[in-house]
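Fold and contact review
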There are 2 protein chains.
Amino acid sequence: MKFNTRINKLFGIEYPIIQGGMIWVSGHKLVSAVSNAGGLGLLGAGSMYPDILKEHIQKTKKETSKPFGVNVPLLYPNIEEIIKIIVDEKISIVFTSAGNPKTWTSFLRKHNIKVTHVVSSVKFALKAKEAGVDAIVAEGFESGGHNSREETTTFTLLPMLKENISIPIIAAGGIASGSSMLAAMVLGAEAVQMGSRFVASEEASAHIKFKQKVIETQDGDTYLTLKELAPVRLIKNDFFNQIQDLYKTCPTQEELLTLLGRARAKKGMFEGDTEQGELEIGQISGLIDEILPVKVIFKKVLKEFNNSLEYMRRFD
Amino acid sequence: MKFNTRINKLFGIEYPIIQGGMIWVSGHKLVSAVSNAGGLGLLGAGSMYPDILKEHIQKTKKETSKPFGVNVPLLYPNIEEIIKIIVDEKISIVFTSAGNPKTWTSFLRKHNIKVTHVVSSVKFALKAKEAGVDAIVAEGFESGGHNSREETTTFTLLPMLKENISIPIIAAGGIASGSSMLAAMVLGAEAVQMGSRFVASEEASAHIKFKQKVIETQDGDTYLTLKELAPVRLIKNDFFNQIQDLYKTCPTQEELLTLLGRARAKKGMFEGDTEQGELEIGQISGLIDEILPVKVIFKKVLKEFNNSLEYMRRFD
C-alpha cells in the first residue's frame, strides 16, 4: 500500500488515519500510541482544564516524537487560555469544531499551525474554506457525540463536498475498519478520522465500563437525541430512556436542560456510570466487538484496507 | 469492467444496478428503459390498483425482453390480488418491503419467483433470511420516502450486515453515482439500488415539477419526519413546514394524521403540487442536477465506476 494523499503530506504522517479528539477519551496515552503507530493522534481539549491540557501535551511530547495535534471545540469557555497554551507549547496541528472557523483560523495559521475544521454540510465547508483552513473533517450523521441538525450521512456528505470544494477532506462517522476506510476514499476523502474504534482501545482514557458497553452495542442501539439543545448521539441506556419519557410530555427547553443536568458525559464516559451518564458513541460501534491495543487496531485496519483493494480487482 | 456478482447471476442482468420500485415514479417506461440498459427495472406496485399493475406489466413485456420485476409493499391493502396478477403474468422477480417477509416468501418461491426483501437492520435481515429470501436490499437512513426507526446509515448498515449474513446484499440509500456504487461494493454489497437518481430521469412517471424540484434540491434540503406515523424522508416544502409547526404544539397522532390527510404523495410526486404534496426523495438528491435519459444515466454511472476503480490503483 502506498499512501501519498495530501493529508499524509500536510501532517507528515505515514497512514491517513486520524484519531478523533474525543472528550474524556483522548488523553496523552491514546494520542501518543496513535502517532507512534503512524497515524495522527489528537488530544481532546474539550474535557480538559487549561492546566490539564498543558500536562497532556507535555506527556505526549515525551511519549512520541511523531506529529500529534489538539482538538479544540471553539465554544470552549476558556478558549483564549487554551489557544495560548497551544501556541506556547508549539503545537503545529489543531482541529477546530463547534463554532465559527473565522474566529481563530488566521491567528493560528500566523503561528505556523495547520488548521482543520469539522463540518457537516457543504455550506459550512465553504465557510471553513473561506476562513483559510488547510483541510476539513466531513462528519456524517452516524458519528457519535455532538452532531449537526442537517443529519447528512457520511455516504452522501462526502461526494457532495467533493463536488463543491477542492481542499482535502477527512471522512468521519461510521469508520471502524479498513473496508470503510477504502470506501470513504472512493467517495472523495483523503484520510479518515476514527472515533468509536479508538474508544474501544486499551490506551483510551475512557472508563472500562464504557469501553465494555461500546463492544456490546449492536446495530440500532444508538440514537441522535436532545436536538432542541445540541443534537447528540448516545447509547440507549436509562438516562436515554428518561429523555424519551420526558419527550412524551412535550417538554420545554428548560425541562430538557434540567434533566440533562451537569457533567453527564463525564459521569458516563469517564466515571463509568453506564446507566445515568451520557455515552457518546457512533452507529459503527455495532461492528466493534473487542477492546484492542492501538497497534493492533492499526494492523487490523491496514490489513482490511489491503484486502478490500484486492477484492476490488475482480471488477477490473 | 467485469461484473460477476451473485446478484448479476440471480437476476440474469448485465450490470448490478437496480432501479427502486418507487410509488408514482416507476411505471413501464422507466422499468423497460432500465432493463433495456442492462440493469433491473422494478415496477412500483405500491401506487397502482391491481388492473393498473397488470397493464404496466403487459406494457413492460412489450417494451423489453430483458428481466424486470415488481416491488410489492406487503402492507398493500389488495395484496392477494396483486400477488395473483404477479403469478398469472409469470413475473419471476419480486422485491417486498414494509411488512413481514414470512407471509409471502415461500408462496412466491413455489411459483419460481425470486424474492428480495428490503431491510434496514441486522435483526430484520436475519428474519428475511429465515423466511427464505434470495437476497436483501439494505436501505440506509439517507434513503428517500419511507424509512426505518433505527436510522442506521448505508455506511454503517452494510458492513454490519456483511458480518452477520451470507446471502447477497443490494445497497440502497445515498447512491447516485459510480463512485457511490463502488463504495457500496467495497462495504459488502453485490449490487446497488438507486431511487432518487431515476426519479430525475426522462422516463420516470413522476411529474416534471417534482423532477425539477429534485435537481434543485441541495445538501440539507430533505428531512426524515412523521416518525410517530411512519418515518418518511421529504423535501422541505410548505407541507413540511406545516408538519414542523404542528410539532411545536405537541400534537396527538390523530392531529398528525389529519394534517397528512390522504393522497399527499400522489399530489406531490404525480400531480406536481410541490408545495402541498409529499416529495419523497433521498439525501443524495443534492448531488443530482440534471434530468437525463436512463441510457445516459447508465453510461455516466458506469464511467464513474471505472474512474473510481482506476483512482484506487494509486494505493496499490
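Within each chain, residue numbers correspond to sequence positions counted from 1 in written order. Just so you know, chain letters begin at A and ligand numbers begin at 1, following the order they were written in. Only residues with pLDDT of at least 70 are given local features in this predicted model, and only at 80 or more are side-chain atom pairs given and counted; all residues enter the totals for whole chains, interfaces and linings.

1. A word on the packing of helix H8 (residues 178–186) of chain B against helix H14 (residues 294–312) of chain B
Residues and elements named next belong to chain B. Each axis is a line fitted through C-alpha atoms, and for a helix only the stretch in contact is used; angles between axes span 0 to 180 degrees, taken between their N-to-C directions. Numbering goes from the N terminus for both helices and strands, where a helix is a DSSP run of H or I of at least four residues and a strand is a run of E of at least two. Look at H8 against H14: their axes get within 7 Å of each other, and the N-to-C directions meet at 60°. What the angle tells us is that H8 and H14 run oblique. At the point where H8 passes H14, the crossing takes the right-handed sense. For the pair formed by H8 and H14, the contact residues are Gly178, Ser179, Met181 and Leu182 on the first element and Val301, Leu302, Lys303, Glu304, Phe305, Asn307, Ser308 and Leu309 on the second. Here the residues of the contact of H8 with H14 are counted per class, giving six nonpolar, four polar and two charged. Here roughly perpendicular refers to angles of 65 to 115 degrees, roughly parallel to angles under 35, roughly antiparallel to angles over 145, and oblique to all remaining angles. What makes a crossing left-handed is the near helix being turned counterclockwise from the far one by less than a right angle; a clockwise turn instead makes it right-handed. Remark: residues whose backbone-derived C-beta atoms lie within 7 Å of one another are considered to be in contact. Polar here means any residue other than Ala, Val, Leu, Ile, Met, Phe, Trp, Tyr, Cys and Pro, which are nonpolar, and Asp, Glu, Lys and Arg, which are charged; Gly is therefore polar.

2. Here's the deal with the nonpolar core
By definition, a nonpolar core groups buried Ala, Val, Leu, Ile, Met, Phe, Trp, Tyr and Cys residues that connect through C-beta atoms lying within 7 Å of each other. Backbone-placed C-beta atoms define the burial measure: a residue is buried with 20 or more other C-beta atoms within 10 Å of its own, exposed with 12 or fewer, and partly exposed in between. Counting residues in each nonpolar core, the largest one holds 186 residues, and the members touching the most others are Ala138, Ile170 and Val192 of chain A together with Ala138, Ile170 and Val192 of chain B. Ignoring any residue separated from it by four or fewer positions in sequence, one finds valine 192 of chain B in contact with Pro16, Ile17, Ile18, Ile170, Ala171, Ile175, Met181 and Ala184 of chain B.

3. Examining the sheet that holds strand E2 (residues 41–44) of chain A
All names here are of chain A. One requirement defines pairing of two strands: DSSP has to find at least two bridges between them. Reading across the sheet, the eight strands line up as E1-E9-E8-E6-E5-E4-E3-E2 and stay open at both edges, with parallel pairing between neighbours. Only two strands of the sheet have a single neighbouring strand rather than two, namely strand E1 (17–19) and E2. Adjacent strand axes in the sheet meet at a mean angle of 25° when their direction is disregarded. Two elements, E2 and strand E3 (residues 68–73), share four bridges in a ladder whose sense is parallel. Bridge pairing in E3 places glycine 44 opposite asparagine 71.

4. Topic: the relation of the copies chain A and chain B
Aligned on chain B, chain A shows an RMSD of 0.0 Å; the corresponding rotation is 180° and the shift along the axis is 0.0 Å. The transformation just described matches what one would write down for a two-fold rotation axis. Within chain A, the C-alpha atom positioned nearest to the axis of rotation is that of alanine 183 of chain A, 2.2 Å from it. Counting the interface residues of chain A, we find that 100% of their copies in chain B are interface residues as well, pointing to one common contact surface. The fit set for superposing copies consists of C-alpha atoms from residues with pLDDT of at least 70 in both; the fit itself is least squares.

5. Remarks on the pairing of strand E10 (residues 222–225) of chain B
All names here are of chain B. Burial along E10 is one-sided: the face carrying Thr222 and Leu224 is buried and the face carrying Tyr223 and Thr225 is not. Relative to strand E11 (residues 232–235), E10 is paired through four bridges, and the arrangement is antiparallel. Looking at the pairing, threonine 225 lines up with valine 232 of E11.

6. Side note on unusual backbone geometry
Residue and element names in this part refer to chain B. For tryptophan 24, which is not a glycine, the phi torsion comes out positive at approximately 65°. Among the structural elements, tryptophan 24 can be located in the loop between strand E1 (17–19) and helix H2 (28–36). The class of tryptophan 24 is buried, set by 25 C-beta atoms lying within 10 Å. Positive phi values are uncommon outside glycine, yet leucine 226 reaches one of about 50°. Examined against the element boundaries, leucine 226 turns out to sit in the loop between E10 and E11. By C-beta crowding, leucine 226 is classed as partly exposed, having 19 other C-beta atoms within 10 Å.

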